[in-house]
Amino acid sequence: MKKALLLLASTFAVAALPQMAAAQTAAAPAPVAETSPLSFNVSVTTDYRYRGISQSRLKPAIQGGVDYAFSNGFYIGAWASSIKWIKDAGGGADVEVDVYGGYKGALSSALTYDVGVLTYQYPGHDLSVSPNTTEIYAALTYGPATLKYSHSVTNLFGFSDSKNSGYLDLSAALDVGGGFMVVPHVGYQKVRNNSAADYTDVSLGVSKEVYSGLTVSLTGYANDTKGSTYVASGGKYLGRKGVALAAKYVF
């Protein structure tokens, strides 16, 4: 879920030199980059995939968010994206809005943790079973690898009687040099009382910051979803193998 905004802060000191007949101005040290707790992000993608499933009917999506990181380890944020799957299900929402908050800390110099709560909201969805979902999550990061578990405390994305569903995933962020990052991922979605919707997904992404704050990424996706659970109106299979190109700017 987020990135920091770098600000250039310049300070100047003016000193009077009593030994000289005329005063002289002395400059302070060079500006020092500071990290702001508030950051914003905007992005575009050729296909909005979440846990391996297309949320935008294999079409492009526009996205954006805001994050605030407190100095004591707590953080809050919000993020939104255009979507199509609610309308495919007969509803009216064309936007997903996520609101989250949590705490990050360290167990040792090499092992960190992240715990929090995340709610996915679909304003104006008009579906008989609400797709609005709230999850609590916990993650451990060791070096480049992160293991995370998300647990729904409501029904999961409109599946009936699916409270207490879970998603377990393992991912890594590998710096391969030249400014390139490689991100492998594997996850397993368990939908309680809806076994036909259970699946495993994998992805592999490559990204590079091409300009300060601007990152371009290419990610390939695959999963073993089955049946008609993840088929959109018009017969489009939302779990099909695919590749998405994205650009994200953080400021």
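Residues numbered from 1 in each chain as written. Predicted model: local features only at pLDDT ≥ 70, side-chain atom pairs only at ≥ 80, totals over all residues. Heavy atoms only, no water.

### A few points about the overall build of the protein
Helices and strands together make up the secondary structure of the protein, namely one helix and 17 strands. Within the protein, buried positions represent 33% of all 251 residues. By element, 64% of the accessible surface of the protein is carried by carbon and sulfur atoms, the whole surface being about 13,900 Å². (Helix = DSSP H or I, 4+ residues; strand = E, 2+ residues; numbered from the N terminus. Buried < 20%, exposed > 50% of the residue type's maximum accessible area, 1.4 Å probe, protein only. Areas by Shrake-Rupley, 256 points an atom, 1.4 Å probe, with all protein chains shown as cover.)

### Examining the pairing of strand E3 (residues 38-45)
Only one face of E3 is buried, namely the one carrying Ser39, Asn41, Ser43 and Thr45, since none of Leu38, Phe40, Val42 and Val44 on the opposite face is buried. Of the pairings in the sheet, the one linking E3 to strand E6 (residues 61-69) comprises eight bridges and is antiparallel in character. Paired with Ser39 across the strands is Asp67, a residue of E6. Direction of pairing for E3 relative to strand E17 (residues 242-250): antiparallel, over a ladder of five bridges. Counterpart to Ser43 in the pairing with E17 is Lys248. (Pairing = 2+ DSSP bridges.)

### Notes on the pattern of salt bridges
Applying the stated rule across the entire model yields five salt bridges. Arg51 is the partner of Glu135 in a salt bridge, and the nearest nitrogen-oxygen pair spans 2.8 Å. Taken together, the residues span a long stretch of sequence, with Glu135 in strand E10 (residues 133-142) and Arg51 in the loop between strand E4 (49-50) and strand E5 (53-54) at a distance of 84 residues. As far as burial versus exposure is concerned, Glu135 and Arg51 are alike and both buried. Residue Asp94 is joined to Lys87 by a salt bridge in which the shortest nitrogen-to-oxygen separation is 3.8 Å. Note on Lys87: relative accessible area 44%, which makes it partly exposed. (Salt bridge = Lys/Arg side-chain N within 4 Å of Asp/Glu carboxyl O.)

### Here we look at unusual backbone geometry
Positive phi, close to 50°, is recorded for Arg51, a residue that is not glycine. The exposure class assigned to Arg51 is buried, which follows from its relative accessible area of 9%. Residues other than glycine seldom take positive phi values, yet Asp161 does so here, at roughly 50°. Mapped onto the fold, Asp161 is located in the loop between strand E11 (145-152) and strand E12 (166-172).

### Describing the nonpolar core
By size, the foremost hydrophobic cluster in this structure holds 24 residues, and its most contacted members are Ile83, Trp85, Ile86, Tyr122, Phe157, Val191 and Tyr230. Only strand E7 (74-82), helix H1 (85-88) and strand E9 (111-121) provide two or more residues apiece to this core. The contacts of Tyr230, once residues within four sequence positions are left out, are Ile53, Phe159, Val191, Ala197, Tyr199, Thr225, Lys236, Tyr237, Leu238 and Gly239. (Core = buried A, V, L, I, M, F, W, Y, C linked by side-chain atoms within 4.5 Å. Contact = heavy atoms within 4.5 Å.)

### Looking at the side chain of Gln63
Topologically, Gln63 is positioned in strand E6. Given the relative accessible area of 14%, Gln63 is considered buried. A polar atom in the side chain of Gln63 sits 3.2 Å from the side chain of Ser81. With near-sequence residues (within four places) excluded, Gln63 lies in contact with Asn41, Val42, Ser43, Thr45, Tyr48, Trp79, Ala80 and Ser81. (Polar contact = N/O pair within 3.5 Å; in protein donor to acceptor, adjacent residues only side chain to side chain.)

### Focus: the environment of Tyr103
Tracing the backbone through its elements, the reader meets Tyr103 in strand E8 (residues 95-106). A sequence separation of 28 residues divides Tyr103 from Tyr75, and the C-alpha atoms of the two residues are 6.1 Å apart. Residues in contact with Tyr103, not counting those within four places in the same chain, are Asn72, Gly73, Phe74, Tyr75, Tyr113, Asp114 and Val115.

### Looking at the pairing of strand E13 (residues 174-177)
Where E13 meets strand E14 (residues 180-190), three bridges bridge the pair, whose relative direction is antiparallel. Bridge pairing in E14 places Gly177 opposite Phe180. Here E13 hands over to E14 after two residues, with Gly178 in that stretch at a positive phi of 70°.

### A closer look at the packing of aromatic side chains
Tallying each qualifying case throughout the model produces twelve aromatic pairs. Considering the side-chain rings of Phe40 and Phe251, the 5.7 Å spacing of their centres and the 20° angle between planes classify their relative orientation as stacked. Taken as a pair, Phe40 in strand E3 and Phe251 in the segment after E17 lie far apart in primary sequence, 211 residues in all. With a relative accessible area of 33%, Phe40 lands in the partly exposed category. Look at Phe251 and you get partly exposed, because its relative accessible area is 33%. Between Tyr68 and Phe70, the ring centres sit 4.8 Å apart and the planes meet at 65°, which makes this aromatic pair edge-to-face. Here the aromatic residues Phe40, Tyr249 and Phe251 are joined through ring pairs into a cluster of three or more. Lying across the ring of Tyr75, Lys104 places its NZ or CZ 5.4 Å from the centre. The ring of Tyr137 has Lys148 lying over it, and the distance from NZ or CZ to the ring centre is 4.6 Å. (Phe/Tyr/Trp six-rings, centres within 6.5 Å; stacked < 30°, edge-to-face > 60°. Lys NZ or Arg CZ within 6 Å of the ring centre and 35° of its normal.)

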